[in-house]
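Tertiary structure, described
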Amino acid sequence: MPQINMVQAINDALRLAMQRDPRVLVMGEDVGKVGGVFRVTAGLHEEFGEARVIDTPLSEGGIIGTAIGMALYGLVPVPEIQFSDFIFPAYDQIVSELAKMRWRSGGEYSAKMVIRTPVGGGIRGGLYHSQSPEAQFIHVAGLKVVCPSNPYDAKGLLLASIADPDPVLFFEPKRVYRAAKGEVPEGPYTVELGKAAIAREGAHVTVVAWGAMLYEALEAAHQASARGVEAEVIDLRTLWPLDIDTVVASVKKTGRVVVVHEAPRTCGLGGEIVSLITERAFTHLEAPPARVTGFDTPFPYTTELDYLPLAHRILPAIVDAARY
Amino acid sequence: MTQPTGFAALYRKMQLIRRVEEECARAYAQGKIGGFLHLYIGQEAIAVGADAALAPTDYAFTTYRDHGVALARGMSARALVAELFGKATGACQGLGGSMHVFDAERRMLGGYGIVGAHLPLATGTAFASKYRGDGGVTICFFGEGSVPMGEFHEALTLASLWKLPIVFVCENNGYAMGTPIERVLPVHEVTSHAVSYGIPCDRFEVECVREVQTRIGAAIERARAESVPTLVECLTYRFRGHSMSDPGKYRTNEEVEAHKRKDPLVRARAELVAELSEAAVAALDAEVEAEVADAVAFADASPEPTADILEPTTYKGPFAR
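Residues numbered from 1 in each chain as written. Chains lettered and ligands numbered in written order. Predicted model: local features only at pLDDT ≥ 70, side-chain atom pairs only at ≥ 80, totals over all residues. Heavy atoms only, no water.

**Observations regarding the layout of surface pockets**
All names here are of chain A. Inclusion rule: Within this scheme a cavity is a closed region of a 1 Å grid, computed over the protein atoms alone, that accommodates a 1.4 Å probe without allowing it to escape, whereas a pocket is open but has protein on both sides within 12 Å along at least five of seven lines; lining residues each have an atom within 4 Å of a point. Grid points are joined across faces, edges and corners, and a volume is the space filled by probe spheres set on the points. Starting at the N terminus, helices and strands are each numbered in turn, a helix being any DSSP run of H or I of at least four residues and a strand any DSSP run of E of at least two. In this count, Pro and Cys sit with the nonpolar residues alongside Ala, Val, Leu, Ile, Met, Phe, Trp and Tyr, while Asp, Glu, Lys and Arg are called charged and the others, Gly among them, polar. Annotation comment: domain bounds sourced from an automatic or database domain assignment.
Roughly 590 Å³ of internal volume is contained in the largest pocket. Along its surface, the largest pocket is lined by 28 residues, and Glu-134, Ala-135, Gln-136, Cys-267 and Gly-268 are the ones closest to its centre. Sorting the residues of the lining of the largest pocket by element identifies α6 (134-138), β13 (257-264) and α10 (269-281) as the ones contributing at least two each. Among the elements that line the lining of the largest pocket, the one with the most residues is α6, at 4 residues. Its residues assigned to classes, the lining of the largest pocket comprises 15 nonpolar, 9 polar and 4 charged. Looking at which domains feed residues into the lining of the largest pocket, each of domain 1 (3-183) and domain 2 (197-323) gives three or more.

Shown next as structure tokens:
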């Protein structure tokens, strides 16, 4: 199997989805002739033409709103928001219209679409090109939220998202867009939504992570192993609906949990995961659940590597949990 | 009963909308309708005239003042009133309520409670019609209060850029909630924006439902034949407040009464009596009364939905927890 990176895997998934289904459209800022700011849509304009790979004005509310209308009709738009930081002009469309469409139509209509958007820090983008707003969308009932960590999952999860009957926000961790490489089969396959993966088995501490921070969690687990602590690292993959069963099964084994995310700590997804664990496995806990997260500040430019929950910050949390 | 056709059908629909809403106002006062209730009374000729120029397969979007468009498109009075009463038999199983009715079968894709938010959605169905080549047209009603919103400009930009088969109908009733247009729009002619987007426009006083049918119909035919968007501005007036909780004290009685004397429904009735007879029109009125009474009785007797409806209508797949 060929070794490819996440950009190539996502591009492959988009191409396959468009080849299989003429209802699938790609739209966004610079996605057509330019091929996307991260080159994720490169070549699609040439292959499918401008009717299906649509260069839009800088108009996020218009892009998402129009995509909702397309979806109401029965098309399957896959709009790209160039950075997840730019999604907020469309937040009203996503929250007020997209997330509520199935419900408000009494189940008659869904607005099936996949919003792709690069997420997270790691490119020194500063306050407007680095954020991780996943919790702000999970809090809105009606949306599914996905964040792959590797090329295989990226392709399979994107094809599953395009096939899913509900609207999906597909966050692509731009820090590992090209750094994460792996074997990816040719041709279509899916990775089921709502299923986490055990990225590393271990008996002492459970670490929950996703996206680019998965690699930091794995590195921290590797370093902890040298100190005699074996961490089990779970790659959440689908952030909502999240695979709480896999998480809880692991915590019941280890009795200890560390949740890692780039987003600010307060009201982040980590808080919800910890709540779900304590509701389900309270008597199994041997240590207070811990969170290693971004800070409750805007995302910094110069101190990016301090802000991100990198391995050097995860390691002490794992060791502390193990020794509590 | 046999459904009338032509002008009689237009009159009957206008009368149905008027009488349904008058009864809904009564029901609201009785506590049968919760939350908010925005009446279309005075503006009926727009929805009815526009609908008469649409094909059944065309798409319609409108604002939270949505009862008129829903009934004009053919939603039953039973489904509408039951929805307003929050009953399981309502158009959206009671989940939406007054501002958010939806009728997939009649392609009435919703009333929208966020001002301006639905204009891009309508642009999307118009895009899809063009993409599929199905000859369909989308009509999108909104108030002049939407014009300062970003989505108005985003939607017109995209619709013009992509040459989409859509008619944007601004129902300019002169007041954005309680504030007159002069205090919120620097340019009072909404159609002046058509120049910015390079699209055709039309602007007229709504006095006669058949004129609405002709004028909006021309825009619909342009959309269908040439795939060109049009901005239509209908100068109209709502006889009631912004919502039931608005006594409308920002308007003088003289102003309201002057507009009521030009009520397009009264004019339509007089013209229909001249064409048919008082007895024939009175018979139509009696039919409408029976239909409205039936709808209210149906809604009264219908059950409320239970909470187990919530999760399956939020996600298709299994609920997360």
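**Some details on empty space enclosed by the protein**
Residues and elements named next belong to chain A. All told, the structure shown has 4 cavities of 30 Å³ or more when counted by the stated rule. Put simply, the largest cavity is a space of about 110 Å³. Looking at the largest cavity, it is lined by 15 residues, and the ones nearest its centre are Val-119, Ser-132, Cys-147, Trp-210 and Glu-262. For the lining of the largest cavity, the leading source of residues is β13, giving 3 residues. Tallied by class, residues from the lining of the largest cavity come to 9 nonpolar, 4 polar and 2 charged. Taken domain by domain, the lining of the largest cavity gets at least three of its residues from each of domain 1 (3-183) and domain 2 (197-323).

**A short note on the domain arrangement of chain A**
All names here are of chain A. Let me state the cut-off plainly: Take the accessible area each of two parts loses on contact, using a 1.4 Å probe, and add the two losses: that sum is the buried area. Whenever Lys or Arg places a side-chain nitrogen within 4 Å of a carboxyl oxygen from Asp or Glu, that contact is recorded as a salt bridge.
Domain boundaries assigned for chain A yield domain 1 (3-183) and domain 2 (197-323). The C-alpha-based centres of domain 1 and domain 2 are spaced at 26 Å. In terms of surface lost to domain 2, no three residues of domain 1 exceed Arg-124, Ile-138 and Arg-175, which account for 28% of the buried area on that side. Linking domain 1 with domain 2 are 2 salt bridges, by the criterion used here.

**Details of the pairing of strand β3 (residues 138-143) of chain B**
Residues and elements named next belong to chain B. Test applied: Three exposure classes are used, based on accessible area relative to the maximum for each residue type with a 1.4 Å probe and protein chains only: buried under 20%, partly exposed in between, and exposed over 50%. Only strands that DSSP links by at least two bridges are regarded as paired with each other. Convention used here: a crossover is right-handed provided that the path from the first strand, over the helix, to the second strand proceeds clockwise when the strands point away from the viewer.
Counting buried positions along β3 gives 6 out of 6 residues, so the element sits mostly inside the fold. Judged by which residues are buried, β3 turns out to be covered on both faces: Thr-138, Cys-140 and Phe-142 on one side and Ile-139, Phe-141 and Gly-143 on the other are all buried. Of the strand pairs in this sheet, strand β1 (residues 59-63) and β3 are connected by 3 bridges, and their pairing is parallel. Across the sheet, the residue bridging to Ala-60 is Ile-139, located in β3. Pairing of β3 with strand β4 (residues 166-172), which is carried by 6 bridges, proceeds in the parallel orientation. Bridge assignment links Thr-138 to a residue of β4, and that residue is Ile-166. Once the chain exits β3 it traverses helix α6 (residues 150-161) before rejoining the sheet at β4, and the crossover so formed is right-handed.

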